Amino acid sequence: MNTPVFLNALKAFEASARHQSFSAAAKELNVTPAAVGQLVRGLEDYLGTRLFHRQQTGKNRLIPTELAESVLPDIRGGFDKLTLGLEKLKKGVSSGILTITVSPAFAAKWLLPRIDQFQMAYPDTDVRLDTNLKLVDFLANGIDIGVRYGSGSWSGLVAEKLMEEETFPVCSPTFYKAHLQKLQSPQGLLTLPLIHDLSMDHYSGFTTWDKWLHFHQITSENNQWGLKINNSASVLQAAINGQGVALARSVMANDDLKAGRLIRLYPKIKCPSSLAYYVVYREECRTLPKLIAFKEWLIQQAKQADILDII
């Protein structure tokens, strides 16, 4: 039995054992039941032993023999390794493509203003950016690497901390001048429109206005007044437009602060976030040269940001 036929016979055997039926296995493998049966019988002839018992219970069921049942885990593990090997080969062939997943807000406020530096350093790498509010499946969507904001634990992914941050109130220079008297102390915030970021409110560690005010012992029943937005970049844009005071995340707001589009209020008041930014990727992709290059570039950019951040 040559190698391609042997592999097809093993696939037919494994599918037939899982479904306990040649017909169901044939449907999965997109061949005829007769072809599956022929492959299994050929494998039995090659091995010199039966692999199935037929059980007559109204429906003809194929029951693997004790020996066949014992080797099925090894066969399935072998197929998994073959699939992984083919996936690595495929990634090697398309090594010039780097698919990155980030949130729309992180893309707009941090990555996009810097990504041209990576493209200049690696002109042969075709960068494809996947911006999605929802967490995407790396394997199903062909994602190489990403940056996520959270507690650092995501199933099936390695997470390396990239940047920590803190939260603080910000407003536009125009808004600041118009409300200077009320903004002299944090207590005055309760009389002004607050811009609420709902993008991460499902995380218990995310700093909301309620938490920030409570942390600084400022209490009121009216601290939900103002605009509510589910995108951190749009929250900052609303503050830039003079629509109120936003509770900014330092990484997101850094460029706007440096450019003078936003003013940080009460700089002596510190409120570190329990959440952080993480570089995430699948363990089996750790050694891919394009992933290593982008991860090292991200880390370097984050170190530069730490030096320059207005915090």
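Residues numbered from 1 in each chain as written. Predicted model: local features only at pLDDT ≥ 70, side-chain atom pairs only at ≥ 80, totals over all residues. Heavy atoms only, no water.

1. Side note on the overall build of the protein
The cut-off we apply is this: In this text, helices come from DSSP runs of H or I with a minimum length of four residues, and strands from runs of E with a minimum of two, each type numbered from the N-terminal end. Here the globule rule is a power law, 2.2 Å times the number of residues to the power 0.38, and the radius of gyration is based on C-alpha atoms. Think of it in three bands: residues with accessible area under 20% of the maximum for their type are buried, residues over 50% are exposed, and the middle band is partly exposed, with areas taken using a 1.4 Å probe on protein chains only. Contacts are residue-level and defined by heavy atoms, with any inter-residue pair within 4.5 Å sufficient. Only the protein chains shown count as cover for residues, and all accessible areas are computed by the Shrake-Rupley method using a 1.4 Å probe. Residues scored as charged are limited to Lys and Arg (positive) and Asp and Glu (negative), so that His and the chain ends carry no count. To locate a charge, take atom NZ for lysine, CZ for arginine, CG for aspartate or CD for glutamate.
Counting its secondary structure elements, the protein contains 11 helices and 11 strands. Taking 2.2 N^0.38 as the reference for a compact globule, 311 residues should give roughly 19 Å; the C-alpha atoms of the protein span a radius of gyration of 29 Å, well beyond that estimate. Classification of the 311 residues of the protein by burial places 44% in the buried group. Within the protein, contacts between residues separated by at least 24 positions form 74% of all contacts whose residues are at least 6 apart in sequence. Carbon and sulfur atoms provide 54% of the accessible area of the protein, an area that totals close to 16,800 Å². Across the protein, 34 positive and 30 negative side-chain charges occur, with their mean positions spaced 3 Å apart.

2. With respect to helix α3 (residues 33-47)
As a reminder, the rule being used: To estimate the expected span of a helix, subtract one from its residue number and multiply by 1.5 Å. The arc refers to the directions leading from the helix axis to the C-beta atoms.
The end-to-end C-alpha distance of α3, which contains 15 residues, comes to 21 Å, matching closely the 21 Å that a straight helix rising 1.5 Å per residue would cover. For α3, the complete set of buried residues consists of Val 36, Gly 37, Val 40, Leu 43 and Glu 44. All buried residues of α3 fall inside an arc of 125 degrees around its axis, so they share one side. Projecting away from the buried face of α3 at angles above 90 degrees are the exposed residues Ala 34, Gln 38 and Asp 45. Trailing α3 by a residue or two, Gly 48 shows a phi angle of about 75 degrees, which is positive.

3. Examining the confidence of the model for the protein
Selection rule: By definition, pLDDT measures how confident the predictor is in each residue, and it falls between 0 and 100.
In this model, the protein carries a mean pLDDT of 87, and residues with pLDDT of at least 70 account for 91%. Predicted confidence in the protein is weakest over strand β1 (residues 52-56), with a mean pLDDT of 76, and strongest over helix α7 (residues 173-178), with 97.

4. As for the packing of aromatic side chains
So the rule is basically this: Each Phe, Tyr or Trp ring (for Trp, its six-membered ring) is paired with any other whose centre lies within 6.5 Å, and the angle between the two planes then decides the class: stacked below 30 degrees, edge-to-face above 60, tilted in between. Both a distance and an angle decide whether a charge sits over a ring: NZ of Lys or CZ of Arg must be within 6 Å of the ring centre and within 35 degrees of the ring normal.
Under the counting rule described, the total for this entry stands at 12 aromatic pairs. An aromatic cluster is defined as three or more aromatic residues linked by ring pairs; in this entry it consists of Phe 106, Trp 110, Tyr 149 and Tyr 277. When the ring centre of Tyr 149 is taken as reference, the NZ or CZ atom of Arg 249 above it lies at 3.9 Å.

5. Focus: the side chain of Ser 21
Relative to the elements of secondary structure, Ser 21 occurs in the loop between α1 (3-19) and α2 (22-29). The residues contacting Ser 21, other than those within four sequence positions of it, are Ser 16 and Leu 62.

6. With respect to the nonpolar core
The line we're drawing: Throughout, nonpolar core names a set of buried Ala, Val, Leu, Ile, Met, Phe, Trp, Tyr and Cys residues whose side chains join them through atoms within 4.5 Å.
Formed by 47 residues in total, the largest nonpolar core has its most connected members in Phe 106, Leu 111, Tyr 277, Phe 294 and Leu 298. Element by element, the count of residues in this core is highest for helix α9 (residues 232-240), at six residues. Dropping the residues within four chain positions of it, Leu 298 is found in contact with Trp 110, Leu 111, Val 147, Leu 162 and Val 279.

7. So, the packing of α1 against α2
What counts is decided by this rule: The axes used here are C-alpha line fits, helices contributing only the stretch in contact, and every angle between their N-to-C directions lies in the interval 0 to 180 degrees. For classification purposes, an angle smaller than 35 degrees is called roughly parallel, one larger than 145 roughly antiparallel, one from 65 to 115 roughly perpendicular, and anything else oblique. In a left-handed crossing the near helix is turned counterclockwise from the far helix by less than a right angle, and in a right-handed crossing that turn is clockwise. Only Asp, Glu, Lys and Arg are considered charged, only Ala, Val, Leu, Ile, Met, Phe, Trp, Tyr, Cys and Pro nonpolar, and every remaining residue, Gly among them, polar.
One way to put it is that α1 packs onto α2 with a least axis distance of 8 Å and a crossing angle of 125 degrees. Judged by the angle between their axes, α1 and α2 are oblique. Crossing geometry of α1 relative to α2 is assigned as right-handed. Residues Lys 11, Ala 12, Ala 15, Ser 16, Arg 18 and His 19 of α1 form the contact with α2, whose participating residues are Phe 22, Ala 24, Ala 25, Glu 28 and Leu 29. For the contact of α1 with α2, the class distribution of residues is six nonpolar, two polar and three charged.

8. Considerations on the pattern of salt bridges
Formally: What makes a salt bridge here is a side-chain nitrogen of Lys or Arg within 4 Å of a carboxyl oxygen of Asp or Glu, nothing more.
In this structure the tally under the stated criterion is 15 salt bridges. Between Glu 160 and Lys 295 there is a salt bridge, with its nearest N and O atoms 3.1 Å apart. On the criterion of sequence distance, the pair formed by Glu 160 in strand β6 (residues 158-171) and Lys 295 in helix α11 (residues 289-308) is long-range, its members being 135 residues apart.

9. Structural notes on the environment of Leu 111
Along the chain, Leu 111 turns up in helix α5 (residues 104-111). Remark: the alpha-carbon pair of Leu 111 and Glu 160, spanning 49 residues in sequence, is separated by 17 Å.

10. Structural notes on the pairing of strand β5 (residues 145-150)
The test is simple: Note: two strands are recorded as paired if DSSP finds a minimum of 2 bridges between them.
Counting buried residues along β5, six of its six residues qualify, which places the element largely inside the surrounding structure. Here β5 shows a buried face lined by Ile 145, Val 147 and Tyr 149 and a second buried face lined by Gly 146, Arg 148 and Gly 150. The pairing of strand β3 (residues 97-102) with β5 spans two bridges and is classified as parallel. Residue pairing in the sheet places Ile 100 in a bridge with Ile 145 of β5. Relative to strand β11 (residues 272-281), β5 is paired through five bridges, and the arrangement is antiparallel. What sits directly across from Gly 150, in β11, is Ala 276.

11. Some points on the environment of Gly 205
As for its placement among the helices and strands, Gly 205 is situated in the loop between β7 (194-197) and α8 (209-215). Residue Gly 205 is classed as partly exposed on the basis of its relative accessible area of 23%. Expressed as a C-alpha distance, the spacing of Gly 205 and Gly 150, which sit 55 residues apart in the sequence, is 8.3 Å. Sequence-distant contacts of Gly 205, that is, excluding residues within four places in its chain, are made with Lys 211, Ser 274 and Leu 275.

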